[in-house]
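Inside the fold
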Amino acid sequence: MKLQIRLLGTVELCVDGKSVTPGAAKRRAVLAGLAVEANHVVSLHRLAEMVWPEAPPASAVANLRTHAAVLRRTLGDRLVARPNAYELRLAPGELDVAEFQRLAGEGRALAAVEPADAIATFSAALACWRGPAGDGLPRGTALDNRWTTLEEQRLQVFEELAEARLAAGQHGHLLPELREHLAAHPLRERGWGQLMLSLYRCGDVPAALTVFRHARATLHEQLGIEPGDELVGLHRAMLDRAPELAHVPLAAPAAMASPAPARPALGWAVPRELPATPATFVGRTRETADVVAALNAATPAAVVVGGAAGSGKTALAVRAAHTVAGDFPDGQVFVDLGYDTAMTPGEVLARVLRALGVAPADVPANTDERAGWFRSLVARRRLLLVVDGVTRAAQVRPLLPAAPGPALIVVGQRHLSSLDGVRRVTLHPLDGVPARDLLAAFAGPERLVADPAATVELARLCAGSVLALRIAGSRLAGYPAMPVAGLVTQLRDGSDRLDLLAYEDLSVRASLAAGVAAVRSDDEVAGRLLELLATQPDHPALLDWAAAHLGVSIQRLHRALEGLVDAYLVHRAAGRYTLPALVRDYAAELALPPAPTRPLTKRRVHPPAAA
């Protein structure tokens, strides 16, 4: 059995990777009390002091035994009964408190040798925290001293991390984090000194001296004391413009036999991964403005760009990202998941961490650790993430901005409704003037002016798909002698429409296939229902017949239908479900029986006749 107990925030319990609800507040307090004393015997008397804020009731022992019995159903033989006591046995890595303290100790050891090497370890230690220690437990108990001690340790590690980052020359990035730290903890003299030094090294000496005055006033007002010798000495050195206050880049270590390359921190190797912005981009002005507005909004600065396959979601997201790229100097990361439903949140996080300069060998194995490390790296940084081809909200949930600074664009063929607080921009079919302008951008306006009626029909046959319009325009451009009406005639036939809507590396069929495959992998009923809707669109009692044909209830059928609507593969209007034209063509292909295999026959190859 693999346990994971988290106390640095709300109390959480995971067993073999699955979250388990410990129960009411007092039962969570029993679990927390045993966990902070893991692998040690805890008497019932001591445990009662951890659970009840005042004198325990007469029924305390009986209540504790009941709570322990319930917990043992989950914890098994990890919870050992002793005479008038209990012991919780935990292995290394199973308690976040112990993991935080281990990482903090490793960070200090690294900082003593090379401060820059300690940055990642200190960051990982702080990533263990999800909120106040023991959040939600009864207060006024013997556990309060534990939580206070842990909070003091957290503040110390934050300031040790700040010291390491100052040594690494990251004083500019530290400013907002130090100000936030001191706003919450104004009596931390070390933090005041670090803020002063950061401002001084950024060249803002007056602001650094003003910070000293604020620190002195705060300490005098709240504690009635003057700043300590260290802070006063730093102030005096700044007045003297002492040269030792300037940042000195860390010297490279002496050349060794095979030196390991240093892992760059974010800001040293800034990622610039955005694809080229589309040269031909028609319409979507309002939608682009909506995406840009979402990226400048309050936390979470996140937006989901959704729409049917081929609606131009990726092009719009990339264009919007380039529009705001200057507002995100800490970098832009672009990840394409390719509508792969098997892609896990951990794999997505690993990809992003590598883009931020984390060496592959240093990426944590645990998804929660990856998420925590990611949040620590991007906190307060102006970093833009674009994740394309998303099929499930879980794939990008760890990337949602937790504080001002980073922003996220998600591109997917689902609504991803469970992503809370994000904006949504939905791309509808392109029609009218924008559709004609997109065709003209590829085929040339003179071709379209020569036959306006055929142009209107060509746009209709492309069903508002940006991808289909681009392909149709490219086909016309590739065959200058073909009139627009000629392509319309071929597309109107319908039997090979999807063959015609493929040109070089562009394919409507391939785009539809990715979206349909994602749906079918999640819901087999939805995939089979899609084929029935394509082959029996006019059945008088379609839903009842489909339910009977598939052997499922009407309720199950409606869930499948709603999944198809969510994936933009089915339209719902006035209680009627219909397939968009190009989806219908593709689904009808899926419903066809496999073509019989023809035996290969040998053919005599004749050389060409001589000229």
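Below is a short write-up of the structure. The model shown is predicted, which means the values in this text are computed figures rather than measured ones.

Right, let's get into the environment of Asn-39. Structurally, the position occupied by Asn-39 is in the loop between α1 (25-36) and β4 (41-43). You can call Asn-39 partly exposed: its relative accessible area is 39%. Linking Asn-39 and Gly-131, residues 92 residues apart in sequence, is a C-alpha distance of 25 Å. Every residue in contact with Asn-39, bar those within four places of it in the chain, is listed here: Glu-87, Leu-88, Arg-89 and Leu-90.

A word on the sheet that holds strand β5 (residues 79-82). Strand order in the open sheet formed by three strands is β4-β6-β5, with antiparallel pairing between adjacent strands. Strands with a single pairing partner mark the edges of an open sheet, and in this sheet they are β4 and β5. Here the average twist between neighbouring strands, direction ignored, is 30°. Relative to strand β6 (residues 85-88), β4 runs antiparallel, the two being bridged by three bridges. Pairing of Val-42 across the sheet is with Tyr-86, part of β6. Together, β4, β5 and β6 form the strand contacts of α1, whose direction differs from that of β6 by roughly 70°. Running at roughly 75° to β4, helix α2 (residues 44-51) makes contact with β4 and β6 of the sheet.

This part takes up the pattern of salt bridges. One pass over the structure, following the stated rule, counts 29 salt bridges. Across the salt bridge formed by Glu-87 and Arg-82, the nearest N and O atoms sit 2.9 Å from each other. Look at Glu-87 and you get buried, because its relative accessible area is 9%. On the basis of relative accessibility, which here comes to 32%, the residue Arg-82 falls in the partly exposed class. Taken together, the shared-partner salt bridges connect Arg-6, Glu-12, Arg-130 and Asp-368 into one network.

Our focus in this paragraph is the sheet that holds strand β8 (residues 332-336). Picture the strands of a sheet paired through backbone hydrogen bonds; they go either parallel or antiparallel. Taken in spatial order, the five strands of this open sheet run β8-β9-β10-β7-β11, and their pairing is parallel. In this open sheet, the two edge strands, each paired with only one partner strand, are β8 and β11 (423-427). With strand direction ignored, the average angle separating the axes of adjacent strands in the sheet is 15°. With five bridges joining them, strand β7 (residues 302-307) and β11 adopt parallel strand pairing. Its bridge partner being in β11, Gly-306 is matched across the sheet by Thr-426. Relative to the sheet, helix α11 (residues 285-295) contacts β7, β9 (384-390), β10 (407-412) and β11, its axis offset from that of β11 by approximately 165°.

Cut-offs used in this document
- Residues numbered from 1 in each chain as written.
- Predicted model: local features only at pLDDT ≥ 70, side-chain atom pairs only at ≥ 80, totals over all residues.
- Heavy atoms only, no water.
- Helix = DSSP H or I, 4+ residues; strand = E, 2+ residues; numbered from the N terminus.
- Buried < 20%, exposed > 50% of the residue type's maximum accessible area, 1.4 Å probe, protein only.
- Contact = heavy atoms within 4.5 Å.
- Pairing = 2+ DSSP bridges.
- Axes fitted to C-alpha atoms, helices over the stretch in contact; angles between N-to-C directions.
- Salt bridge = Lys/Arg side-chain N within 4 Å of Asp/Glu carboxyl O.

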